[in-house]
Amino acid sequence: MLLSRHNNLRRLKMDFSEYFEYFMEELRSNAIENESSKADEFLNSSLDRIVDYGDLEDYDILDYNEDERTSKPINAYHFNPIFRQLTVVVNLFQDISAGDLSNLTNSDLKPAFNRAQKFILSSLKRSPSDVDPYKKGAYFFIQQLKESWPTTKELKIIFITNKPLSKRYDHKDQGKIDGVNVSVGIWDLRRFQEVENSGTEREEIEIDLSNTPLPALVASKSDQITSYLVVMPAQELADIYEKYKSRVLEQNVRSFLQNRSNVNKGIRVTLKEAPERFFAYNNGITATAQSAEFDNNGSIIKLKNLQIVNGGQTTAQIFNGKKLGDDLSNVSVQMKLNLIEDTNLIDEIVPNIAKFANSQNPVSQADLFSNSPFHIRIEKFSRETIPPVMIGKAFSERWFYERSRGQYLNEQSELTAAGRKEFQRLNPKNKMITKTDLAIILNSWEQKPYEVSKGAQANFKTFAKSIGDMDKFGDQYNKRYFSDCVAKTIVFREFRKEVPRQEWYSGFPANIVTYSIAWLAHCMQVSEVKLNIDRIWKYQNSDPALIQMLLSIGEDVNSHLLSYAGNPTTYAKNIQCWKDILEQFEILTHTDDGNIFISEEQASAIENEAEEEQGALDEINNEIVLFSIHPDCWNEIKNFIGNKMSPSKYADIEKLRQGQMISDFKVKPLAKFVREYQKAGGRIFHRDDLFPYTVT
């Protein structure tokens, strides 16, 4: 487990003009690296961030045929059958300098809104093949649009722009299109900057409860957290969920409305047949908020940044009941509300709240959070490991692991302009790996392309569950493992860049890439070989023959996806797609060539050696950590462990309290006690000027 280490989050000191210039330079650099346009880079990065922030569950980018590429009324879309909502994204990127920057106004938005509306209306009247005879993205968008439109309740148009939105913009009612309600969302660059600067990986939420104040009883109070028992009307909870959707579900524990588990079925039956017993039968929800406002009776009338960390299934099923017409007027939900005003403590406290909360669908033990031991260890390796210098480069470029959104920018927050330039030279943005990037890449190599195809957040949740317990498997997450992650990232990204350039390419790059890599990994497994990680790490690129091999597989994957009668992206999310490929594709035999592949036996020997080395380093680190713990904190640990601690262990602790070192073989048992104390929610305090990074 991690020994608590909380650096105060540094806020970026860039004003908007500086941020704009930095952002545009980043787009330029990425466009050159990926041989794409700044507009495409802006679209991709914006979509990923909007998904992270919870304003969009997933997305498909529209690839038009060549004749329509000059006019793109819609750039991406997502159908949400739960909320019966179609979300379309319109890219309003403009390649301008800071000196020419102006506000985005109604006059800029109105034509774009009209184009999107006209395209949707015309698409409803046309055959998909009329719009896109080559069966690219627009073909399947129109096909799905025509199928889902009769049940669609809302059309949401999200505009993304690199300009700041004018304060005079009027968010007025947009009316209806063909009987469907229309709403508009705008993500301007200033909004992106504000969320990144917040350090919370989510946009602020303000909930007004003045019409239905929530009775609240103080359960416990401390300097860090105040807990309340709250009675939440089910109708109010459903309304909150309908308005904010997954934004009110703690980012990495988002749940969705599916009656698949017995728990969900039980919730539905109680809501429908015995609503007055719901409060008695249901465990309720556990939530956090940054602040609350109370009326004179002590009831809550406003909540800031509400996040449901347990009880997502309950929340979703209550909304489902509302949608199906259930009477929620007599239904109440118990809510354990925890106010955490200090945002720097959120990542420390929320995982423990989620881990220990008694909910119907408990959250995995902290592996879902960016401050879990796994992510911190990978971050540590990324900061310490200096890769070999690439051929043609004058210096080494590091791989920056961003375990929480905004770290890359925050690390530059207090640097001068020259310092920022040097930081970016040593840590180029195109070598940044986010935790969701890593999950996509590793799950592809782990032969889970159907999970990757479900979207970044859903895939991350699956990846998180696969991470081994650090207590038992910590040695396997070593520098060699980090090199392995980087090598697989290099291959993944080089292949991804080449896919759209192929003559056979007709869209769906994410699905093609993940399924191709998964198939290669399967063939390697059958052939009993592994990637030659050392070769990729040494040269910081992949062998051209390997990329050609993947492109050949990619052509077959592309044909397979297009052979499906329905939408290929929907098919790709189903495990049946992978089963069909396993059954229909011919195994590619690979051998240990000493270049691209090495034998499993050789790879295992290298990995075992790395694990032994990491184990020895961890033992040294544990000894330093134990020595650094404050004497008073050791007393708290002793009281917590109680009778489980032998007299000899007490004696060892006394030595540590007095600043003495103990024998090597005595370190591991005491480190285990420290982890148990932390898992129960205990905080570790250190001696002055001693602040170790982690305890394993």
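Please refer to the structure higher up on the page.
Overview of the structure.

**Looking at the nonpolar core**
Argument step 1. Counting 58 residues, the largest nonpolar core has Phe374, Trp445, Phe495, Val499, Tyr515, Leu520 and Leu531 as its most contacted members.
Argument step 2. At ten residues, helix α20 (residues 509-527) tops the list of elements feeding residues into this core.
Argument step 3. In this view, Trp445 contacts Lys488, Val491, Ile517, Leu520, Ala521, Met524 and Leu531; residues no more than four positions away in its chain are not counted.
Argument step 4. Within the second largest apolar cluster, 36 residues are counted, among which are Ile82, Val230, Ala316 and Leu337.

**Things to note about the sheet that holds strand β1 (residues 60-61)**
Strand pairing within a sheet occurs via backbone hydrogen bonds; the two strands may be parallel or antiparallel.
Argument step 1. Pairing is mixed in the open sheet, where six strands are placed in the order β1-β2-β3-β4-β6-β5. Only two strands of the sheet have a single partner each, and these edge strands are β1 and β5 (176-177).
Argument step 2. Sheet topology places strand β3 (residues 85-91) next to strand β4 (residues 154-160); seven bridges connect them, and they run parallel. Note that in β4 the partner of Asn91 across the bridge is Ile160.
Argument step 3. Docked against the sheet, helix α3 (residues 106-125) engages β3, β4, β5 and β6 (180-187), running at close to 140° with respect to β4.

**Description of the packing of aromatic side chains**
Argument step 1. A complete count under the given rule lists 26 aromatic pairs for this structure.
Argument step 2. A ring pair is formed by Tyr515 and Trp578, whose centres lie 6.1 Å apart and whose planes are at 55°; its orientation type is tilted. Linking Tyr515 in helix α20 with Trp578 in helix α24 (residues 575-584), this pair joins segments that are 63 residues apart in sequence. In this pair, the class of Tyr515 matches that of Trp578, namely buried.

**A short note on the environment of Asn283**
Argument step 1. Mapped onto the elements of the fold, Asn283 is located in the loop between α9 (278-281) and β10 (285-289).
Argument step 2. Residues Asn283 and Thr314, 31 residues apart in the sequence, show an inter-C-alpha distance of 8.9 Å.

**Quick notes on the pairing of strand β8 (residues 216-221)**
Argument step 1. Little of β8 sits inside the fold, with zero of its six residues counted as buried.
Argument step 2. Pairing geometry for β8 and strand β9 (residues 226-233), over five bridges, is antiparallel. Residue pairing for β9: Ser220 is matched across the bridge by Ser227.

**As for the packing of α20 against α24**
Argument step 1. Where α20 contacts α24, the two axes come as close as 11 Å, and the packing angle between them is 45°. Compared by their axis directions, α20 and α24 come out oblique. As α20 packs across α24, the resulting crossing turns out to be right-handed. Residues Tyr515, Ala518, Trp519 and His522 of α20 form the contact with α24, whose own contacting residues are Cys577, Trp578, Ile581 and Leu582.

**Details of unusual backbone geometry**
Argument step 1. In this structure, Arg84 takes a positive phi of about 50° despite not being glycine.
Argument step 2. Relative to the helices and strands, Arg84 is located in the loop between β2 (76-80) and β3.

**Thoughts on the packing of helix α15 (residues 435-445) against helix α19 (residues 479-498)**
For any two helices packed against each other, the geometry comes down to the angle between their axes and how far apart the axes lie.
Argument step 1. Relative to each other, α15 and α19 sit at 85°, their axes nearing to 10 Å. If you check the angle between α15 and α19, you find them roughly perpendicular. Here Asp437, Leu438, Ile440, Ile441, Leu442, Ser444 and Trp445 of α15 lie close against α19, whose contacting residues are Tyr481, Cys485, Lys488, Thr489, Val491, Phe492 and Arg493.
Argument step 2. In terms of residue class, the contact of α15 with α19 is built from nine nonpolar, two polar and three charged.

Analysis parameters
- Residues numbered from 1 in each chain as written.
- Predicted model: local features only at pLDDT ≥ 70, side-chain atom pairs only at ≥ 80, totals over all residues.
- Heavy atoms only, no water.
- Core = buried A, V, L, I, M, F, W, Y, C linked by side-chain atoms within 4.5 Å.
- Buried < 20%, exposed > 50% of the residue type's maximum accessible area, 1.4 Å probe, protein only.
- Helix = DSSP H or I, 4+ residues; strand = E, 2+ residues; numbered from the N terminus.
- Contact = heavy atoms within 4.5 Å.
- Pairing = 2+ DSSP bridges.
- Axes fitted to C-alpha atoms, helices over the stretch in contact; angles between N-to-C directions.
- Phe/Tyr/Trp six-rings, centres within 6.5 Å; stacked < 30°, edge-to-face > 60°.
- Parallel < 35°, antiparallel > 145°, perpendicular 65-115°, else oblique.
- Left-handed = near helix turned anticlockwise from the far one by under 90°.
- Nonpolar A, V, L, I, M, F, W, Y, C, P; charged D, E, K, R; others polar.

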